[in-house]
Amino acid sequence: MNETIDLTIFIAREGNDLVTDSRAVAIAFGKRHKDVLRAIDKRMRSLRPAISEHYRRNFAPVEFVDAKGERRPMYRMTAKGLAELTMGFSGDDACEVRLRFLDAFDEMAARLAQAEKSITEMLHDFSKRAAVSESKARIGSLLMHERRREKPALKEEQAALQSLAQPSLLTH
């Protein structure tokens, strides 16, 4: 069990859930993958409904392609699934890896929440800028139309005022 491994590399987002897989558990805990699969399969077939239901909700059978190009079984699991499965792994080393793995789930959730918050903040800022721009366009458009309507009347008024200010010399 290597303490220097960043266990967040074994965690991925699948839909709304964060998951890891049975191969990652085997690597992190120094177990053989087939032994991890056996432990999961045993609990999936439990005659106790609470146990089998927990495993159905928190473990999903999937496949991976091995180095030979062959499809092999594997399970994806949630943090709850990982916690329950690895409670059966004994010793201080296993306990420490389990705690680090669960911390890695929390860290990934925090990272994703921060990234989503950043995206949400960016979308909010964009919405504000777009609303201001749209308001300017509306005001500008309204003002432009008003100017077009007022322009002829203003020209007439300007001409009248100019004629008053400079009476025509030809009328005398």
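The structure we're discussing is the one just above.
Residues numbered from 1 in each chain as written. Predicted model: local features only at pLDDT ≥ 70, side-chain atom pairs only at ≥ 80, totals over all residues. Heavy atoms only, no water.

(A) Layout of the pattern of salt bridges. Tallying each qualifying case throughout the model produces 10 salt bridges. Close ionic contact of Arg71 with Glu63 constitutes a salt bridge, the shortest N to O distance being 3.5 Å. (Salt bridge = Lys/Arg side-chain N within 4 Å of Asp/Glu carboxyl O.)

(B) Inspection of the sheet that holds strand E4 (residues 71–77) at higher detail. If you trace the 4 strands from one edge of the open sheet to the other, you get E1-E2-E4-E3, paired in antiparallel fashion. Two strands in the sheet have a free side with no partner beyond their single neighbour: strand E1 (12–14) and strand E3 (59–65). The mean angle between the axes of side-by-side strands here comes to 45°, regardless of whether they run parallel or antiparallel. Direction of pairing for E3 relative to E4: antiparallel, over a ladder of 7 bridges. Note that in E4 the partner of Val65 across the bridge is Arg71. Its contacts with the sheet place helix H1 (residues 22–29) against strand E2 (17–21), E3 and E4, and it is angled at close to 60° to E2. (Pairing = 2+ DSSP bridges. Helix = DSSP H or I, 4+ residues; strand = E, 2+ residues; numbered from the N terminus. Axes fitted to C-alpha atoms, helices over the stretch in contact; angles between N-to-C directions. Contact = heavy atoms within 4.5 Å.)

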